[in-house]
Structure formats: structure tokens, C-alpha cells
Amino acid sequence: MNGDWLIRGRDGRLTVYLPSGDAVLCRAERGLGGPWEDAPRTVGGAQKLHPGAAVGQGTDGYAHLAAWRPTAPGESGLVHSTHFRPHLAALDWTPIGHPDKKGDRTGPPAVTVDGAGRGYVFVRNGSGGVSLRNQKVKGGWGGWLDLEGHGVEGELAPVTGESGLVELYACAPGGILHWRQEGDGKKPVRTEGVDTSVRAGTLRALATSAEHTTLFFTDGSGDVCAWRPGEKPVTLLPSAGPGPVSAVRCVIEGHDCTVLAQRSASGRVAFAAYPTEQESAGAWWTESGPRLPAEAVVSVALDEHEEVVAASLTPSTGTVLLTRRKDEPGLALEAWREL
């Protein structure tokens with residue numbers, strides 16, 4: 001899944017979204033902080049999907065999902081679904097077309113939701129740039145928009161700032177591209193990117209203040225870096241392992257902190273925390289939980305008490321492990337348990 005696949009729903013219950021062959025599954029808590037549903041449920045009906053779905057969430061708590069589906073031999077189209085509450089069924093998948101009108105998959109989709117609750121689906125197009133289709137102010141979907149760009153690689157990293165405006169980060173040869181909305185519902189426009197060494201597939205963006213979003217990425221030397229447009233990238237700490245970090249903001253002992261999580265090279269989940277937007281304060285990894293297979297991924301979120309909760313997923317088996325922050329100083333975590 002591209003995006004944070006562990007989320008807190010509108011009613012406060014946690015939900016995980018899981019890839020499963022030609023479908024996306026969801027599984028939720030039965031009650032706040034309580035036991036989970038016995039088995040996952042299929043999202044969006046019986047529509048068969050290609051692997052590589054994306055998920056994003058708005059401030060209203062609704063989850064938006066996008067995926068490719070086969071439409072004809074050698075051709076595919078994108079579909080979208082909204083999941084309003086964890087205990088309800090998600091809406092059926094709605095076709096939203098192809099950025100090049102027709103053809104096969106062009107790249108993994110990515111989703112974010114603006115401040116008014118409208119879904120934005122981004123995808124690389126056949127020209128190597130980025131295309132967008134988003135829900136309109138008065139309902140329905142607008143047409144496909146070409147945001148331009150070139151040489152885009154890996155998964156896109158969209159994010160919605162505290163302003164409710166949408167931004168997008170993308171990896172390209174030699175650096176990072178950036179787009180930003182300049183007004184509610186407006187087409188995101190290309191802004192100044194940054195020339196830097198970056199590994200495709202490691203981008204993850206987070207709203208970190210009223211003025212800024214922060215992009216986390218792994219550079220060519222294997223360090224996790226942080227970048228805010230208008231500034232220079234800052235090296236934060238060595239990467240714990242491959243792939244993107246998962247990131248969330250929370251309050252720890254009265255301080256606004258950013259928590260990062262990543263499957264480490266040892267196979268365990270590594271966590272790091274530092275004062276938000278104060279990368280100079282430094283950060284270091286602390287490993288937690290059992291050793292996981294190389295394919296395992298991790299996602300972090302906040303629970304009903306605004307405390308850190310983390311989940312790991314082993315896709316081949318569907319095994320999900322969960323941990324929460326203890327009521328202790330620092331970032332102490334409970335023992336991991338299987339759902």
C-alpha cells in the first residue's frame with residue numbers, strides 16, 4: 001500500500017488496509033482500544049484489482065483509496081473508493097479513467113485529501129510526468145490534469161498541509177520535484193525543487209507546522225534526510241533499513257515531536273523521535289519487537305488517546321502485529337501482539 005495503511009477512523013477506532021492478491025482488505029477494532037474483527041473484509045466490492053493500491057485520509061477521518069484495475073487485455077484504468085467509518089462497508093470502486101486516456105498501468109497511484117474532504121489521485125503518466133484527477137468543489141470528478149514534470153520514478157508522496165492545501169513530492173533523476181496548491185481547489189503548480197541524491201521509493205511527506213510540510217527520503221549514501229521547500233535538505237540519521245519511513249506527529253512529555261518508524265536491516269522495527277522541525281536536535285533508532293521477514297512493512301498512527309500506535313505487516317502471510325505507547329516517559333512501547 002502506498003501511504004499510511006494504519007489509520008484512526010472518524011469514530012476513533014483503528015483500521016488497517018491490507019493488500020491481498022486482486023483485492024484490498026480492511027480490518028478494524030470492534031471498539032476503542034478493544035479487540036479487533038476476527039477476519040478482514042474486502043474493500044469496494046467484487047472488482048478485481050492490480051497490486052499496488054494507495055490510501056490517504058482527510059481531517060474528517062474518511063479514508064480514500066485508489067488502485068488500478070484491468071479493463072481489457074493489456075489495458076488498465078484507475079478506480080477510487082471512500083471508506084467513511086471502519087464498521088461500515090466502503091463505497092464500491094468508482095472508475096476514474098486513465099491519465100493517457102487508455103493504456104496499461106503507468107505507475108503506482110497516490111492519494112491525499114484536501115481540507116474540504118476532496119480526494120486527489122496522483123499517478124505518473126506515459127510521458128514520465130505526473131497527472132492528477134480530483135473531486136470537484138460541487139461534487140463529482142474533474143478531468144485529468146497534466147502537472148508536467150519528467151523522469152518521475154518510484155512512488156509519489158502527496159501530503160495535505162495544515163492549511164488544507166495539497167502538495168506533492170516526486171523523485172526524478174538528480175533530485176526531488178515539488179508541486180503546491182496556491183488556493184482551495186486549484187491545480188497544484190510546480191515550484192522549485194531541489195538537486196540532491198535520492199533513492200526512488202523512499203519518499204514520505206508529513207505536515208509539520210502551519211507553514212510547512214516536510215519530506216523524508218533516503219539519499220544515495222543511505223541516510224534519512226528531511227527537506228522543506230525553500231530550505232536545504234538536512235541529514236537526520238542513517239537509514240535503519242530499505243524503503244520509506246512511516247512518520248507521525250505527536251506530543252511526548254509536552255513536546256511536539258515527529259516519530260519515524262522503519263523496518264531495520266536486522267528485521268526488527270526501528271523507531272526514532274525528535275522535536276518537530278528541529279532536525280539539529282538529532283535522532284537515533286531504537287529497535288522493538290520480533291525479527292520480521294524482509295518483505296515486512298510498518299505504519300504508525302495515533303490512537304484514540306493521541307498516543308503512538310504502530311503496526312507491521314508481512315504481505316505474503318497477511319500477519320499483522322500491533323504495539324502501542326506505554327504510559328511511561330519517553331517512547332516506551334508495549335509488547336507486540338498479533339491481530
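In the block above lies the structure referred to throughout.
Residues numbered from 1 in each chain as written. Predicted model: local features only at pLDDT ≥ 70, side-chain atom pairs only at ≥ 80, totals over all residues. Heavy atoms only, no water.

Trainee: Just checking my understanding: could you explain the overall build of the protein chain for this structure?
Mentor: In terms of regular secondary structure, the protein chain is built from zero helices and 28 strands. Taking 2.2 N^0.38 as the reference for a compact globule, 339 residues should give roughly 20 Å; the C-alpha atoms of the protein chain span a radius of gyration of 19 Å, in line with that estimate. Across the 339 residues of the protein chain, 54% fall into the buried class. Look at the contacts in the protein chain between residues 6 or more apart in sequence, and 42% of them connect residues 24 or more apart. When the accessible surface of the protein chain is totalled, it reaches about 14,200 Å², and 50% of it is carbon and sulfur. The protein chain carries 33 positive and 40 negative side-chain charges, and their two centres are separated by 5 Å. (Helix = DSSP H or I, 4+ residues; strand = E, 2+ residues; numbered from the N terminus. Rg over C-alpha atoms; globule rule 2.2 N^0.38 Å. Buried < 20%, exposed > 50% of the residue type's maximum accessible area, 1.4 Å probe, protein only. Contact = heavy atoms within 4.5 Å. Areas by Shrake-Rupley, 256 points an atom, 1.4 Å probe, with all protein chains shown as cover. Lys, Arg positive; Asp, Glu negative; His and termini not counted. Charge placed at Lys NZ, Arg CZ, Asp CG, Glu CD.)

Trainee: Please clarify how the layout of surface pockets should be interpreted in this entry.
Mentor: Here the idea is plain: a probe the size of a water molecule rolls over the atoms and shows the empty space left. When its volume is computed, the largest pocket comes out at roughly 1,200 Å³. Taken together, 44 residues form the lining of the largest pocket, with Asp 4, Gln 57, Gly 58, Thr 160 and Leu 206 sitting closest to its centre. Secondary-structure elements contributing two or more residues to the lining of the largest pocket are β1 (6–8), β5 (54–57), β9 (110–113), β13 (153–160), β17 (204–207), β21 (246–252) and β25 (297–302). Its residues placed into classes, the lining of the largest pocket shows 21 nonpolar, 14 polar and nine charged. (1 Å grid on protein atoms, 1.4 Å probe; cavity = no way out; pocket = protein on both sides within 12 Å on 5 of 7 lines; lining within 4 Å. Points joined across faces, edges and corners; volume = space filled by probe spheres on them. Nonpolar A, V, L, I, M, F, W, Y, C, P; charged D, E, K, R; others polar.)

Trainee: Even after reading the chapter, I still don't get empty space enclosed by the protein, so can you show me in this structure?
Mentor: In this structure the tally under the stated criterion is one cavity of 30 Å³ or more. Roughly 40 Å³ of internal volume is contained in the largest cavity. Every residue along the wall of the largest cavity is listed here: Ile 7, Gly 9, Arg 10, Thr 15, Tyr 17, Gly 61, His 83, Phe 84, Arg 85 and Pro 86. Its residues placed into classes, the lining of the largest cavity shows four nonpolar, four polar and two charged.

Trainee: Could you clarify how one ought to interpret the side chain of Thr 202 in this entry?
Mentor: As for its position among the elements, Thr 202 is in the loop between β16 (189–195) and β17. From its side chain, Thr 202 meets the backbone oxygen of Arg 199 in a polar contact 2.7 Å long. Here the side chain of Thr 202 touches Thr 218 through a polar contact of 3.1 Å, landing on its backbone nitrogen. Look past the residues within four positions of Thr 202 in its chain and what remains in contact with it is Phe 216, Phe 217, Thr 218, Gly 243 and Pro 244. (Polar contact = N/O pair within 3.5 Å; in protein donor to acceptor, adjacent residues only side chain to side chain.)

Trainee: Got a minute to help me understand the sheet that holds β17 in this structure?
Mentor: The pairing of strands in a sheet comes from backbone hydrogen bonds and takes either a parallel or an antiparallel form. The strand order β17-β18-β19-β20 describes an open sheet built from four strands, whose pairing is antiparallel. The strands lining the two open edges of the sheet, one partner per strand, are β17 and β20 (234–238). The sheet shows a mean angle of 25 degrees between the axes of neighbouring strands, taken without regard to direction. As judged from the four bridges shared by β17 and strand β18 (residues 213–218), these two strands associate in the antiparallel manner. Of the residues in β18, the one forming a bridge with Ala 207 is Thr 213. (Pairing = 2+ DSSP bridges. Axes fitted to C-alpha atoms, helices over the stretch in contact; angles between N-to-C directions.)

Trainee: What am I meant to see in the pairing of β21 here?
Mentor: Every other side chain in a regular strand lies on the same face of the sheet, so the side chains alternate between the two faces. Buried residues dominate β21, accounting for five of its seven residues. Of the strand pairs in this sheet, β21 and strand β22 (residues 255–263) are connected by seven bridges, and their pairing is antiparallel. Paired with Cys 250 across the two strands is Cys 257, which belongs to β22. Hairpin remark: β21 followed by β22, antiparallel, with two residues in the connecting loop; positive phi at Glu 253, about 50 degrees.

Trainee: Help me understand the environment of Ile 176, please; the structure alone is not making it clear to me.
Mentor: For Ile 176, the position within the fold is in strand β15 (residues 175–180). For Ile 176, a relative accessible area of 2% translates into the label buried. Separated by 17 residues in the primary sequence, Ile 176 and Gly 193 place their C-alpha atoms 5.6 Å from one another. Contact partners of Ile 176, with chain neighbours within four places excluded, come to Tyr 169, Ala 170, Gly 193, Val 194, Thr 196, Val 198, Leu 215, Phe 217 and Trp 227.

Trainee: What's the story with the pattern of salt bridges in this structure? I'm lost.
Mentor: Where charged atoms from two side chains of opposite charge approach closely, those side chains can pair. For the coordinates displayed, the defined rule picks out 18 salt bridges. Between Arg 8 and Glu 306 there is a salt bridge, and its shortest N-O distance comes to 2.9 Å. Placement of the pair is Arg 8 in strand β1 and Glu 306 in the loop between β25 and β26 (308–314), with a sequence separation of 298 residues. A relative accessible area of 25% means that Arg 8 is categorised as partly exposed. The residue Glu 307 makes a salt bridge to Arg 325 at a minimum N-O spacing of 2.9 Å. Taken as a pair, Glu 307 in the loop between β25 and β26 and Arg 325 in the loop between β27 (319–324) and β28 (337–338) lie far apart in primary sequence, 18 residues in all. When salt bridges that share partners are traced, they join Glu 29, Asp 303, Glu 304 and Arg 324 into one network. (Salt bridge = Lys/Arg side-chain N within 4 Å of Asp/Glu carboxyl O.)

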